[in-house]
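Residue strings, one per chain:
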Amino acid sequence: MEERIARYEIKVKKSPKKTSYFEAASIINRIQARAALLDPLFETMVYTGKKNDLPLTFPNLTLTNLELATILYKEHRYYLNKMYPGVKHDIYFEDHYGVDKYISTIGKPLEEVRFCYGLGGKFDLLLITLPKGFTRDFGWYQQLLTIAIEELKADYGALRPMLIRLFDPPMITGGWVSYFAPRFGLGDDFFAGSTKIPVLDNEFLYALENGHMIVKNEEQQEKLRLLVDKFKELDIQI
């Protein structure tokens, strides 16, 4: 009987800060271009706009940083005029409420990979959702997680199996693979027994196992549950 691997999501987050529309566009383009180099699946994407959906191609950019920033700015201009009356603004304006955007592969709703960006607001993050039945080599997931951590300059990142929801995890919880910036002090002792994977400059990802999580594997699920319980005690806020 063929083993079924868990369905995953990738969640990456950093401490929120004001971000200009140009900076948000630059981050989106960098992440999507690197993702396209990882997998041809991401060479053709769809940008979900307020009025129209736009096809995008990577790593050769359909929209430059300036062009994408202009689109983001125009979609928010009405709101900016209401929230900041009398204040001049453009694509370099740093807006407290930020940019929320979806970029996804072309496919049926239940088959698409979706990159959900929240940049410059209360929740400065990227959530990559992967459809049911989607499978790649385990190293592929680690590389996509690493791209998101590096380009977002994240404080936290995790490859999280959807099964983690069974254990009612707190907002900030490690996953099958976890990353926490050094300031949190979560290192070898906290992730004892995990596989260390180098990332960034002398930092590490920690994997509960250096391979896929298999659905209905009780030993693996227990590892995940114990990890969630440790994060419930920590109650980390970002």
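Structure first, text after, so check above.
Predicted model only: the values in this text are computed from it and were never measured. (Residues numbered from 1 in each chain as written. Predicted model: local features only at pLDDT ≥ 70, side-chain atom pairs only at ≥ 80, totals over all residues. Heavy atoms only, no water.)

*Asks:* Can you walk me through the overall build of the protein chain in this structure?
*Replies:* Summing up its helical and strand segments, the protein chain has four helices and twelve strands in all. Against the 2.2 N^0.38 benchmark of 18 Å for 238 residues, the protein chain shows a C-alpha radius of gyration of 19 Å, consistent with a compact globule. A total of 238 residues make up the protein chain; the buried ones form 51% of that total. Contacts in the protein chain between residues far apart in sequence, at least 24 positions, make up 63% of those at least 6 positions apart. Accessible surface, the protein chain as shown: approximately 12300 Å² in total, 52% of it carbon and sulfur. Within the protein chain, the 32 negative side-chain charges are centred at a point lying 7 Å from the centre of the 31 positive side-chain charges. (Helix = DSSP H or I, 4+ residues; strand = E, 2+ residues; numbered from the N terminus. Rg over C-alpha atoms; globule rule 2.2 N^0.38 Å. Buried < 20%, exposed > 50% of the residue type's maximum accessible area, 1.4 Å probe, protein only. Contact = heavy atoms within 4.5 Å. Areas by Shrake-Rupley, 256 points an atom, 1.4 Å probe, with all protein chains shown as cover. Lys, Arg positive; Asp, Glu negative; His and termini not counted. Charge placed at Lys NZ, Arg CZ, Asp CG, Glu CD.)

*Asks:* Looking at this structure, I do not really get the environment of leucine 166. What am I missing?
*Replies:* Its location among the elements puts leucine 166 in the loop between strand 9 (156-161) and strand 10 (177-180). Since its relative accessible area comes to 60%, leucine 166 is described here as exposed.

*Asks:* Please explain unusual backbone geometry as it appears in this structure.
*Replies:* Trans is the prevailing form of peptide bonds, just as negative phi is the prevailing case for residues other than glycine. With an omega of 0 degrees, the peptide bond running from phenylalanine 58 to proline 59 counts as cis. Examined against the element boundaries, proline 59 turns out to sit in the loop between strand 4 (53-57) and helix 2 (65-83). Within the chain, asparagine 202 stands out as a residue other than glycine whose phi angle is a positive 60 degrees. Relative to the helices and strands, asparagine 202 is located in the loop between strand 11 (195-199) and strand 12 (203-207). Positive phi outside glycine occurs at lysine 216, with the angle close to 70 degrees.

*Asks:* Explain helix 2 to me, please; I cannot follow it from the model alone.
*Replies:* Count 3.6 residues to each turn of an α-helix, and residues three or four apart come out pointing the same way. Between its terminal C-alpha atoms helix 2 stretches 25 Å, which fits the 27 Å expected from 19 residues at 1.5 Å a residue. In the structure, helix 2 departs most strongly from a straight axis at arginine 77, where the bend amounts to approximately 50 degrees. Where helix 2 is concerned, the buried positions are Leu68, Ala69, Leu72, Tyr73, Glu75, His76 and Leu80. Looking at the packing, one finds that the buried side of helix 2 touches helix 1 (21-38), strand 3 (44-48), strand 5 (94-95) and strand 6 (99-105). (Expected span 1.5 Å × (residues − 1). Bend = angle between axes of the 7 residues up to and from the residue.)

*Asks:* I keep staring at the pattern of salt bridges and nothing clicks. Help me out?
*Replies:* Counting across every chain of the model gives 14 salt bridges. The partner of glutamate 151 in a salt bridge is arginine 34, and the shortest N-O contact between them spans 2.9 Å. With glutamate 151 in helix 3 (residues 138-152) and arginine 34 in helix 1, this residue pair connects regions lying 117 residues apart in the sequence. Given the relative accessible area of 14%, glutamate 151 is considered buried. Assessed through its relative accessible area of 29%, arginine 34 is described here as partly exposed. (Salt bridge = Lys/Arg side-chain N within 4 Å of Asp/Glu carboxyl O.)

*Asks:* Explain the pairing of strand 4 to me, please; I cannot follow it from the model alone.
*Replies:* Consecutive residues of a regular strand have side chains that alternate between opposite faces of the sheet. Pairing of strand 3 with strand 4, which is carried by five bridges, proceeds in the antiparallel orientation. Across the sheet, valine 46 pairs through a bridge with proline 55, a residue of strand 4. (Pairing = 2+ DSSP bridges.)

*Asks:* In this structure, what is going on with the nonpolar core? I would like to understand it.
*Replies:* Where a protein is soluble and globular, its nonpolar side chains tend to be buried together. By size, the foremost hydrophobic cluster in this structure holds 74 residues, and its most contacted members are Phe115 and Phe180. Element by element, the count of residues in this core is highest for helix 1, at ten residues. Once residues within four sequence positions are removed from consideration, phenylalanine 115 is found in contact with Ile31, Gln32, Ala35, Phe42, Met45, Lys101, Tyr102, Ile103, Leu126, Leu127, Ile128 and Leu144. (Core = buried A, V, L, I, M, F, W, Y, C linked by side-chain atoms within 4.5 Å.)

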